[in-house]
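Observations on chain architecture
Next come the chains, spelled out residue by residue.
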Amino acid sequence: LMRRKDREITDYQTMLEVLAACSCIRLGLADENGAYIVPVNFGMAEENGKLTLYFHGAKEGRKINMMKKQPRICFEADRKHEIVTGEKACDYSFLYQSVIGYGEAKFIEGIDEKEMAMNCIMRHYSGKDSWEFNKEILEKTNVMKIIVSEWSCKEH
């Protein structure tokens, strides 16, 4: 639950625009050793009010092991950072937009879905809709998605 409701962005289209303007998302993962936060490049797709985030990486490593053990993860993104100064310490503030959400991480196996996901990632950074991918490299690449179950957006 968001404490500062006066800063919450509730317009769905604006929430999507804020997330789309972010350059990376940070994944919050947990296991028996505690929490782990890792930034990743991402792409996004929205269909009928359902948000899915895509990212990729190596076939093994800490992030992968943790997601296999606990697929329910948290994600965070932020942008528009600006310090507000003042005469007194309490006059200082920080402006931002941020997104925090939860979802289930899934590993994408099929080459067609991997290609679609990679196109979402490339679209996020390039604006171009369609890319060619080397199928051999794509088969060796771990492509994952977060099926978002809940998320919120905040601005100050």
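Just so we're clear, the structure is a prediction, and the values are computed from it rather than from any experiment. (Residues numbered from 1 in each chain as written. Predicted model: local features only at pLDDT ≥ 70, side-chain atom pairs only at ≥ 80, totals over all residues. Heavy atoms only, no water.)

Take the overall build of the protein next. Regarding its fold elements, the protein presents 4 helices and 8 strands. Taken along the three principal axes of its C-alpha coordinates, the protein extends 60 × 40 × 30 Å. Relative to its 156 residues, the protein shows a buried fraction of 38%. Counting only contacts in the protein whose residues sit at least 6 apart along the sequence, the fraction spanning at least 24 positions is 70%. When the accessible surface of the protein is totalled, it reaches about 9400 Å², and 49% of it is carbon and sulfur. (Helix = DSSP H or I, 4+ residues; strand = E, 2+ residues; numbered from the N terminus. Buried < 20%, exposed > 50% of the residue type's maximum accessible area, 1.4 Å probe, protein only. Contact = heavy atoms within 4.5 Å. Areas by Shrake-Rupley, 256 points an atom, 1.4 Å probe, with all protein chains shown as cover.)

By size, the foremost hydrophobic cluster in this structure holds 29 residues, and its most contacted members are Leu19, Ile25, Leu27, Leu51, Leu53, Ile146 and Trp151. Among the elements of the structure, helix H1 (12-20), strand S2 (25-31), strand S3 (34-40), strand S5 (50-57), helix H2 (62-69), strand S6 (72-84), strand S7 (93-108) and strand S8 (142-155) are those that each provide at least two residues to this core. Counting 9 residues, the second largest nonpolar core, distinct from the first, contains Ile108, Ala117, Cys120 and Val143. (Core = buried A, V, L, I, M, F, W, Y, C linked by side-chain atoms within 4.5 Å.)

Right, let's get into the pairing of S5. The element S5 is largely enclosed, with a buried count of 6 among its 8 residues. Where strand S4 (residues 43-47) lies against S5, 5 bridges are found, and the strand directions are antiparallel. Bridge pairing links Glu47 to Lys50 in S5. Hairpin geometry of S4 and S5 is characterised by an intervening segment of 2 residues between the two adjacent antiparallel strands and by a positive phi of about 55° at Asn48. Sheet topology note: the S5/S8 ladder contains 6 bridges and is antiparallel. Its bridge partner lying in S8, His56 is registered against Val143. (Pairing = 2+ DSSP bridges.)

Turning to the packing of aromatic side chains, a few remarks are in order. Under the defined criterion, the tally for this structure stands at 1 aromatic pair. The lysine or arginine in question, Lys68, covers the ring of Phe107, its NZ or CZ lying 5.8 Å from the ring centre. If you follow Lys128 out to its NZ or CZ, it ends over the ring of Trp131, 4.1 Å from the centre. (Phe/Tyr/Trp six-rings, centres within 6.5 Å; stacked < 30°, edge-to-face > 60°. Lys NZ or Arg CZ within 6 Å of the ring centre and 35° of its normal.)

Now for H1. For H1, the full list of buried residues reads Met15, Leu16, Val18 and Leu19. Burial along H1 is one-sided: seen end-on, the buried residues are contained in an arc of 160°. (Arc of directions from axis to C-beta.)

Here we come to the side chain of Asn142. Looking at the secondary structure, you find Asn142 in strand S8. Here the side chain of Asn142 touches Ala58 through a polar contact of 3.3 Å, landing on its backbone oxygen. The residues touching Asn142, leaving out its near neighbours within four places in the chain, are Phe55, His56, Gly57, Ala58, Lys59, Ile64 and Phe107. (Polar contact = N/O pair within 3.5 Å; in protein donor to acceptor, adjacent residues only side chain to side chain.)

Attention now moves to the pattern of salt bridges. Per the stated rule, a full pass over the model turns up 8 salt bridges. Ionic pairing is found between Lys145 and Glu113, a salt bridge with its closest N-O pair at 2.7 Å. In this pair, Lys145 sits in strand S8 while Glu113 sits in helix H3 (residues 111-126), placing the two residues 32 residues apart along the sequence. Of the charged contacts in the structure, one is a salt bridge between Arg123 and Asp129, with a shortest N-O distance of 2.7 Å. The exposed category is assigned to Asp129, whose relative accessible area is 51%. One network of salt bridges, in which partners are shared, links Arg26, Glu76 and Asp78. (Salt bridge = Lys/Arg side-chain N within 4 Å of Asp/Glu carboxyl O.)

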